[in-house]
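The primary structure of each chain is shown beneath.
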Amino acid sequence: MPQTYRDDVAPPPVKHHSSKNIVLDKLNSGKLWIVNSRRRNGIVIYKQFHAEFAGPGAAVGGALDANCDRITALGNLSLIEPKSYEDQQKAIRIRLQWVRLTQNFTDKPIPLDRAQMILDQFKTYFDKAIVDSVPDEAFSMLVGVFPYTVRQARRR
């Protein structure tokens, strides 16, 4: 049976994990994991100068996230082990789709537009409560704007 990370208590929608957390340990273990596609969940993975979002079905960990230093989990995060090489390949393709989606926003020249686009996109995948509880820094690092710009976009 695949190992999963699950909170059985009723936590806030977004959980901030320290470096000693089991999820971060999994990402840094060198193994490839998959964000459970049967749940409305995802993970913001912070790198040195940017962040990446991995939504349902996306691969995380392994060589993709070797330089990950912290995370923000959205929803009731569940990471599962791929059952086959084909599952790994599919999950990597899905991760690339999430990266490309975010890249579409970063191509916009106006920072406030980028911030608004990432907020709007997350609102299509997650409940308002989850989006509202994601730190401004997470969104700012996803699309290359200052956290203040994300705060401005939230007020629109």
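Residues numbered from 1 in each chain as written. Predicted model: local features only at pLDDT ≥ 70, side-chain atom pairs only at ≥ 80, totals over all residues. Heavy atoms only, no water.

The next subject is the packing of helix 2 (residues 85-106) against helix 3 (residues 111-125). Across the interface, helix 2 lies against helix 3 with an axial gap of 8 Å and an inter-helix angle of 145°. Contacts between helix 2 and helix 3 pair Trp98, Leu101, Phe105 and Thr106 from the former with Arg114, Met117, Ile118, Gln121 and Tyr125 from the latter. A class-by-class count of the residues in the contact of helix 2 with helix 3 yields 6 nonpolar, 2 polar and 1 charged. (Axes fitted to C-alpha atoms, helices over the stretch in contact; angles between N-to-C directions. Helix = DSSP H or I, 4+ residues; strand = E, 2+ residues; numbered from the N terminus. Contact = heavy atoms within 4.5 Å. Nonpolar A, V, L, I, M, F, W, Y, C, P; charged D, E, K, R; others polar.)

In this structure, the largest pocket encloses a volume near 330 Å³. For the largest pocket, the lining is made up of 15 residues, of which Ile34, Ser37, Ile80, Lys83 and Asp87 are closest to its centre. Every element with two or more residues in the lining of the largest pocket is listed here: strand 2 (32-35) and helix 2. A per-element tally of the lining of the largest pocket places helix 2 first, with 4 residues. Across the lining of the largest pocket, the residue classes break down as 7 nonpolar, 3 polar and 5 charged. (1 Å grid on protein atoms, 1.4 Å probe; cavity = no way out; pocket = protein on both sides within 12 Å on 5 of 7 lines; lining within 4 Å. Points joined across faces, edges and corners; volume = space filled by probe spheres on them.)

With that settled, the discussion passes to the pattern of salt bridges. In total, this model carries 9 salt bridges according to the counting rule given. Here Glu52 makes a salt bridge to Lys47, at a shortest N to O gap of 3.8 Å. One exposure class covers both Glu52 and Lys47, and it is buried. In this structure, Asp65 engages Arg95 in a salt bridge whose closest nitrogen and oxygen atoms are separated by 2.7 Å. Residue Asp65 is located in the loop between strand 5 (59-61) and strand 6 (70-74), and its partner Arg95 is located in helix 2; the two are separated by 30 residues in the primary sequence. We note that Asp65, like Arg95, is buried. (Salt bridge = Lys/Arg side-chain N within 4 Å of Asp/Glu carboxyl O. Buried < 20%, exposed > 50% of the residue type's maximum accessible area, 1.4 Å probe, protein only.)

Moving on to the pairing of strand 2. For a regular strand, side-chain orientation follows a simple rule: the groups alternate between the two sheet faces. Burial along strand 2 is two-sided: the residues Leu32 and Ile34 and Trp33 and Val35 are all buried. For strand 2 and strand 7 (residues 79-80), the ladder comprises 2 bridges, and the chain directions are antiparallel. Directly across from Ile34, in strand 7, lies its bridge partner Ile80. (Pairing = 2+ DSSP bridges.)

That is the geometry; function is a separate question.
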